[in-house]
Amino acid sequence: MQLQLMMSSDFSIFRVGISFIMMCIFHKSTEDSVPELSPQKYFSTLQPGKASLAYFCQADSPSTSVLLEELNEAAKPLQDYGISVAKVNCVKEETSRYCGKEKDLMKAYLFRGNILLREFPTDTLFDVNAIVAHVLFSENIELAHLYFFHCNLVSDLTQQCRRTRMEQSLTTLNIHLFVKTMKAPLLTEVAEDPQQVSTIHLQLGLPLVFIVSQQATYEADRRTAEWVAWRLLGKAGVLLLLRDSLKVNIPQHTNVIFKRAEQEVPVEFLELHDVDLIISHVENNNHIEETQEDEDDDIEDPDMDIQDDEVAETVYRDRKRQLPLELTVELTEETFNATVMASDSIVLFYAGWNAVSMAFLQSYIDVAIKLKDTSTMLLTRINCADWSDVCTKQNVTEFPTVKMYKKGENPVSYVGMLGTEGLLKFIQLNRISYPVNITLIQEAEKYLSGELYKDLLTYSSVSVLGLFSPTMTTAKEDFTEAGNYLKGCVITGIYSEEDVWILSNKYAATLPALLLARHKEGKIESIPLANTHVQDIVQIITNASLETFPEITVENLPTYLRLQKPLLILFSDGSINPQYRKAILTLMKQKHLDSFIPCWLNLKNTPVGRGILRAYFSPLPPLPLLVLVNLHSGGQVFAFPSNQSITEQNLVLWLKKLEAGLENHITILSAQEWKPPLPAYDFLSMMDAATAPHSTRKKPQYTKETHVTENDKEQHEDKSAIRKEPIETLRIKHWNKSNWFKETEKSLKHDKEL
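Conventions we followed
Residues numbered from 1 in each chain as written. Predicted model: local features only at pLDDT ≥ 70, side-chain atom pairs only at ≥ 80, totals over all residues. Heavy atoms only, no water. Pairing = 2+ DSSP bridges. Helix = DSSP H or I, 4+ residues; strand = E, 2+ residues; numbered from the N terminus. Axes fitted to C-alpha atoms, helices over the stretch in contact; angles between N-to-C directions. Contact = heavy atoms within 4.5 Å. Patch = residues over 30% accessible without salt bridge, like charges linked within 9 Å, V, L, I, M, F, W, Y side chains within 5 Å. Areas by Shrake-Rupley, 256 points an atom, 1.4 Å probe, with all protein chains shown as cover. Salt bridge = Lys/Arg side-chain N within 4 Å of Asp/Glu carboxyl O. Buried < 20%, exposed > 50% of the residue type's maximum accessible area, 1.4 Å probe, protein only. Disulfide = S-S within 2.5 Å. pLDDT = per-residue confidence, 0-100. Core = buried A, V, L, I, M, F, W, Y, C linked by side-chain atoms within 4.5 Å. Phe/Tyr/Trp six-rings, centres within 6.5 Å; stacked < 30°, edge-to-face > 60°. Lys NZ or Arg CZ within 6 Å of the ring centre and 35° of its normal. Right-handed = clockwise from strand over helix to strand, strands pointing away.

Caption draft 1: Expanded view of the sheet that holds strand β10 (residues 188-190). Spatially, β10-β12-β11-β13-β14 is the arrangement adopted by the five strands of the open sheet, whose pairing is mixed. Both edges of this open sheet fall to β10 and β14 (268-270), since each of them pairs with a single strand only. Averaged over all adjacent pairs, the angle separating strand axes in this sheet is 25°, with direction ignored. Note: strand β13 (residues 256-259) against β14, three bridges, orientation antiparallel. Following the sheet pairing, I257 is matched in β14 by F269. Contacting β10, β11 (208-213) and β12 (237-242), helix α7 (residues 218-231) crosses the sheet at an angle of about 170° to β12.

What follows is the structure in structure tokens.
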């Protein structure tokens, strides 16, 4: 059999070579195996399509001698791949933009000819293996294709060979499997039990498709099987199963049998009369098998030094998704200060090697798309893997981190959920100052009715107005600080004019007081603030802004769990019955449910609710279901009798039985904590041993910072003070190149085994 492999023209990175440029300080290596050139001489030798690896060096410091030695070691294996290597001495007589200063030694530049392909942090080039791997296995080859040409089937040399394109990612393991499947027989005839059949495809983890045939339709069935085999080449093995010779019974209408690669999984008997249906069935099940295989790999190796397997898997799966990064401004050490000082800015601090960062970058770009042409806020981003000094100076404690910079104000960190909606709410609610200073009665009424900030009601359905007499200085200061603390969470305003008594009389509020406007319900209630301090006000507003009878979602569940009360959950497959809602709200007004958090869960909006119910019930009774879950003391789960309607009277009787201990629980939840399978990286421990750990304390959802960037000089002078300052969660996490290497080990695991 004659086999031919060919790369398309787009895959010339491996065929024609690469140019690579790295900024460094020149030091004479003991092994001078690489020629030395001036910048002018080097660039004059470059030819289109020719391979060249060059590093630019200055002759005034030995600080990168180890790296230069590793590059010398890498010269020989790279030359074996047709990639020449050269040193370029940055002489004073010539200028080149690649001859930077020592502080600019942040990136490596990968070229093909004189075309820039990609940039790398130089810390990733820590030994010869890393250098060779980065050059030969650059991810910037999304247009690369691998084809298998079936020329042995062509008798006439003037005819074109049939070809099959490899659809999987270009890894050593995938290429090996692809070639193996191409060499396997296109179609095999069998006359035995499909459950007992084994081929090279099963050994390679691919399923088998049996086209069931009989003597009367043999020729037509074989043509169909060959057509299916070509369509599924590289994805599954195809066999023609002769029904007439079988001793095993096959259902009468079955014409296709599907066998998965997993052992001891029964075969599927199918009736599919369309080739496209056969193809779709295989491809859909192949996706499931690949996902399950990845998950199994993670389970088999629980000590893999990674932070979040599922996030990393998602990032890998979406790695070819083209993000419109041009909607955000990329910052560097040179542009950071000027940008955040010149305009109101949102800055995303991320690390290109961190899976969570790259996943959140997609949400960040989604926010940029939603705010395009509508927001005055500048959305920017900075890669801390490239500009670690900037991130350290900005007290970045984890990746990813989002901060808002406004003129004349301290930066504010976003610590909500890492998703599009939460970040969008944070940005939109920060368009106004907090608390809003209101000076007219008419303006206060518009504020309470929702007309003043109508466009923000989507993000905050509650508005809080603090009422104070002009002489209540301390109370006003406490409320102002609380409003600043809650910026981005809820809209707050303050009214302290001489005629404040008009509002206090109208809403029966004793000064000082809060007016809480619930816009969805059209209600305004007053809450006294006598003898309350900042943290008390924050807690009052936080609790008061919670919904009365909320729909529980994945996003808001932690907020309600913090109240440390049992959950009274009504599970519904869609909108809840208005009569049930009325009954629960009535009991809430009558104070019967003060000890609980009444809520409901829509299984259509939150499908994970079905899994929760299966943990409570076996078998699952019909919906709706009312359940009391005592998470915080005992873990008991009680179910409202399914044979009773949810009415006020029935609910009161059931709650009294619960209180008297006359109801039996249906299950008890485990008391163990739900933690990640592995701890997150503790970057602080990677710092110098002399660096003292920083204290932490509990913080609200959005934190206020006390350090503002002014200029580079001031930052350097205040650096030691910053590290000693007990700012909330001020734990500077530094990146260690060895961890990046461990991150990449997972993706290369199978290749190494091969």
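Next, the rest of the story.
Caption draft 2: Summary view of a nonpolar patch on the surface. A contiguous nonpolar patch, built from V554, V608 and I612 and spanning about 230 Å² of accessible area, is present on the exposed surface. Overall, V608 belongs to the partly exposed group, its relative accessible area being 47%.

Caption draft 3: Representation of the state of the cysteines within the structure. Following the criterion strictly, the structure yields two disulfides and no others. Between the sulfur of C151 and that of C161 lies a disulfide, 2.1 Å long from S to S. Note on the C151 and C161 pair: the S-S dihedral is about 115°, so by sign convention the disulfide is right-handed. Note that C151 is positioned in the loop between β8 (146-150) and β9 (162-165) and C161 in the loop between β8 and β9, a separation of ten residues in sequence. Bridging C384 to C391, the disulfide has an S-S length of 2.0 Å. Of note, the bridge from C384 to C391 carries an S-S torsion of about -95° and is left-handed in sense. The pair formed by C384 and C391 is uniform in burial state, with each residue classed as buried.

Caption draft 4: Focus on the confidence of the model for the protein. This prediction gives the protein a mean pLDDT of 76; 75% of its residues lie at or above 70. The least confident element of the protein, judged by mean pLDDT, is helix α23 (residues 719-724) at 35; the most confident is strand β16 (residues 345-350) at 94. In this model, residues 288-308 is a region of pLDDT below 50 whose contacts with residues beyond four sequence positions or in other chains number 30 contacts. Low confidence marks residues 706-754, where pLDDT is under 50. Its contacts with residues over four positions away, or in another chain, come to 111 contacts.

Caption draft 5: Inspection of the nonpolar core at higher detail. The biggest cluster of nonpolar side chains holds 22 residues, and the ones touching the most others in it are L465, L467, Y495 and L503. Taken together, the elements giving at least two residues each to this core come down to β20 (436-438), α14 (441-449), β21 (462-467), β22 (491-495), α16 (500-506) and β23 (513-518). The biggest single contributor to this core is α14, with four residues. In terms of nonpolar packing, the next biggest core, distinct from the first, is built from 21 residues, F549, F596, I646 and V652 among them.

Caption draft 6: Layout of the packing of aromatic side chains. For the structure on display, the rule yields eight aromatic pairs. Both rings, one in F336 and one in F349, keep their centres 6.0 Å apart while their planes meet at 50°; by these two values the pair is tilted. On the criterion of sequence distance, the pair formed by F336 in helix α10 (residues 336-342) and F349 in strand β16 is long-range, its members being 13 residues apart. Seen from their ring centres, F640 and W654 are 5.4 Å apart, and the 90° between their planes marks the pair as edge-to-face. Placement of the pair is F640 in the loop between β28 (636-639) and α21 (648-660) and W654 in helix α21, with a sequence separation of 14 residues. For the pair F640 and W654, a shared accessibility class is recorded, and that class is buried. Of the aromatic side chains, those joined through ring pairs into one cluster are F336, F349 and Y405. Between R162 and the ring centre of W230, over which it is positioned, the NZ or CZ distance is 3.9 Å. The residue whose ring lies beneath R163 is Y147, and the NZ or CZ to ring-centre distance is 4.3 Å.

Caption draft 7: Region of interest: the pattern of salt bridges. Evaluation of the coordinates by the stated rule reveals eleven salt bridges. Note that D573 and R610 form a salt bridge whose closest N and O atoms lie 3.4 Å from each other. Of this pair, D573 sits in the loop between β25 (567-572) and α19 (578-589) while R610 sits in helix α20 (residues 608-616), and the two are 37 residues apart along the sequence. What makes D573 partly exposed here is its relative accessible area of 38%.

Caption draft 8: Molecular detail of the pairing of β25. Among the six residues that make up β25, six are buried, leaving the element largely enclosed by the rest of the structure. Every second residue of β25 is oriented toward a common face, with L567, I569 and F571 on one face and L568, L570 and S572 on the other, all of them buried. Two strands pair when backbone bridges link them, and β25 and strand β26 (residues 597-602) are joined in this way by six bridges, in the parallel orientation. Each residue of the ladder has a partner; that of L568, found in β26, is P598. The handedness of the β25 to β26 crossover, carried by α19, is right-handed. Pairing geometry for β25 and strand β27 (residues 625-629), over five bridges, is antiparallel. Bridge assignment links I569 to a residue of β27, and that residue is V627.

Caption draft 9: Spatial organisation of the sheet that holds β20. Within the open sheet, the five strands sit side by side as β20-β22-β21-β23-β24. Their pairing is mixed. Across the chains shown, the open sheet's two edge strands, defined by having one partner strand only, are β20 and β24 (523-528). Direction aside, neighbouring strands of the sheet carry axes that sit 25° apart on average. For β20 and β22, the ladder comprises three bridges, and the chain directions are parallel. Within β22, the residue paired with N437 across the bridge is I494.

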